[in-house]
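Listed below, chain by chain, are the residues.
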Amino acid sequence: MDNNLHSPQDRDETRVVKLDHHDSVRSHVREQVRSEVERLEHRIETLRLVRAPHAAIMISAYERMLDRKKGFLKNWGLRDGNGY
């Protein structure tokens, strides 16, 4: 006798979990992205102080990453009083 009445696909369709609705997941994601934002900001400041040959290119790339991460926090309503 087959104990498996539904295929794995059927089970996936009947149980949809919206992770962004769980406070613990939202908190974890917020803290993770905030940590990444802080590291990027620190790298940018360090590069501004060091006269590296490609510092301007690296700063530009880090600033784009920073803008995307801050945009993610804003779009998902994960910003706090610190602006991110």
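**Student:** Outline the overall build of the protein chain, listing residues and values.
**Tutor:** Broken down by element type, the protein chain carries 3 helices and 0 strands. Taken from the N to the C terminus, the helices and strands of the protein chain come in the order α-α-α. Long-range pairs, those at least 24 residues apart, make up 57% of the contacts in the protein chain with a sequence separation of at least 6. Summed over its atoms, the accessible surface of the protein chain is roughly 7000 Å², and 52% of this surface lies on carbon and sulfur atoms.

**Student:** Go over helix 3 (residues 55-75), please, and point to the residues and values.
**Tutor:** Relative to the 30 Å expected for 21 residues at 1.5 Å per residue, helix 3 spans 30 Å between its end C-alpha atoms, a close match to the ideal helical length. Considered for burial, the residues of helix 3 that qualify are Ala55, Ile59, Tyr62, Leu66 and Leu73. An end-on view of helix 3 places all buried positions within 70° of arc, on one side of the element. Summarising the geometry of helix 3, the exposed residues directed more than 90 degrees from the buried face are Ile57, Asp67, Arg68 and Asn75. On its buried face, helix 3 sits against helix 2 (23-49).

Rules behind the numbers
Residues numbered from 1 in each chain as written. Predicted model: local features only at pLDDT ≥ 70, side-chain atom pairs only at ≥ 80, totals over all residues. Heavy atoms only, no water. Helix = DSSP H or I, 4+ residues; strand = E, 2+ residues; numbered from the N terminus. Contact = heavy atoms within 4.5 Å. Areas by Shrake-Rupley, 256 points an atom, 1.4 Å probe, with all protein chains shown as cover. Expected span 1.5 Å × (residues − 1). Buried < 20%, exposed > 50% of the residue type's maximum accessible area, 1.4 Å probe, protein only. Arc of directions from axis to C-beta.

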